[in-house]
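One-letter residues, chain by chain:
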Amino acid sequence: MKKTFRFRLLVALLGLTCILNAQTYRLEVGYNNPVSLGPNVSATYFNGIRLGGTVEFDLKDNFSLLTGVLYNIVYSNKIQKYPNLDTVTYKTLGHYLEIPLRLTYTLPITKNLKVFGFAGPNIRYGLSLNQEIISTMTDDLNTFNNIDPGKTDLYKNSIINRLNLQIGAGGGVQWKKYQLKGGYDFGITNLNKIDTGNLFQKGWYATFSYQF
């Protein structure tokens, strides 16, 4: 509860700072493709969309600092096959917020055309992560393979950490007030809360934004 309050306070303070000091505002929408994986866990790939607002603060020598708040919704339909044609399906729907903090360098090509690159941390905070497990195996085989069919919220049931700190980089092109960019974030926070095994999330994204 305290962590949730602190996170919301951080978002509120960030929003207030942006309103008072922002140089450039943008609306952003795009596609993201995160993947969760670990040494002892098979990879789970997600498809999703992200949208929100960003602000950019001018620094010196074509450098700037970009931040904002982005809402993400992702979905995964993972099927794991077993002998005798048995399968276990994992349907996962997630909602989370992102607060990027990117140092950006912009290189003007012409009056209206620019290219840019960026790097820095990204804070991801999970809102909900609902998973449904559907198994065609018998109850005994489910128990033997440590499979518990049914529905659960992986955050509320303390299976996955809500907070995920990432480091990423990317680049893009700007034409007048329009931007097209892409990047990749590497998770450095262990998301596994139920045992000592590591679980990380990383992935790429591509977005379109409009300056107003």
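Note that the structure is a prediction, hence the values are computed from the model and not measured.

Description of the pairing of strand β6 (residues 113-135)
Item 1. Where strand β5 (residues 87-108) meets β6, 19 bridges bridge the pair, whose relative direction is antiparallel. When the sheet's bridge partners are listed, I99 is paired in β6 with I123.
Item 2. The antiparallel hairpin formed by β5 and β6 contains four residues in its connecting segment.
Item 3. For β6 and strand β8 (residues 163-175), the ladder comprises 13 bridges, and the chain directions are antiparallel. Of the residues in β8, the one forming a bridge with I123 is L165.
Item 4. Pairing analysis gives four bridges linking β6 to strand β7 (residues 150-153), with the strands arranged antiparallel. What sits directly across from Q131, in β7, is T152.

Quick look at the pattern of salt bridges
Item 1. All told, the structure shown has six salt bridges when counted by the stated rule.
Item 2. Residue R102 is joined to D185 by a salt bridge in which the shortest nitrogen-to-oxygen separation is 2.9 Å. Here the residue R102 occupies a position in strand β5, and D185 occupies one in strand β9 (residues 178-187), the gap between them amounting to 83 residues.
Item 3. With relative accessibility at 2%, the residue D185 sits in the buried group.
Item 4. Linked through salt bridges whose partners overlap, the residues forming this network are E28, R50, E98, R124 and K181.

A short note on the side chain of S128
Item 1. Along the chain, the position of S128 falls in strand β6.
Item 2. Excluding residues within four positions of it along the chain, S128 makes contact with L93, G94, H95, D153 and Y155.

Description of the pairing of β8
Item 1. Sheet topology places β8 next to β9; 10 bridges connect them, and they run antiparallel. In the strand pairing of β9, Q174 is matched with Q179.
Item 2. As consecutive antiparallel partners, β8 and β9 are separated by two residues, and within that stretch K176 has a phi angle of approximately 55 degrees, a positive value.

So, the packing of aromatic side chains
Item 1. Under the definition given, this model contains seven aromatic pairs.
Item 2. A centroid spacing of 5.2 Å and a plane angle of 45 degrees characterise the contact between Y178 and Y210, whose relative ring orientation is tilted. In this pair, Y178 is assigned in strand β9 and Y210 in strand β10 (residues 200-211), connecting sequence segments 32 residues apart.
Item 3. The class for Y178 is partly exposed, based on a relative accessible area of 41%.

So, how was this worked out
Residues numbered from 1 in each chain as written. Predicted model: local features only at pLDDT ≥ 70, side-chain atom pairs only at ≥ 80, totals over all residues. Heavy atoms only, no water. Pairing = 2+ DSSP bridges. Helix = DSSP H or I, 4+ residues; strand = E, 2+ residues; numbered from the N terminus. Salt bridge = Lys/Arg side-chain N within 4 Å of Asp/Glu carboxyl O. Buried < 20%, exposed > 50% of the residue type's maximum accessible area, 1.4 Å probe, protein only. Contact = heavy atoms within 4.5 Å. Phe/Tyr/Trp six-rings, centres within 6.5 Å; stacked < 30°, edge-to-face > 60°.

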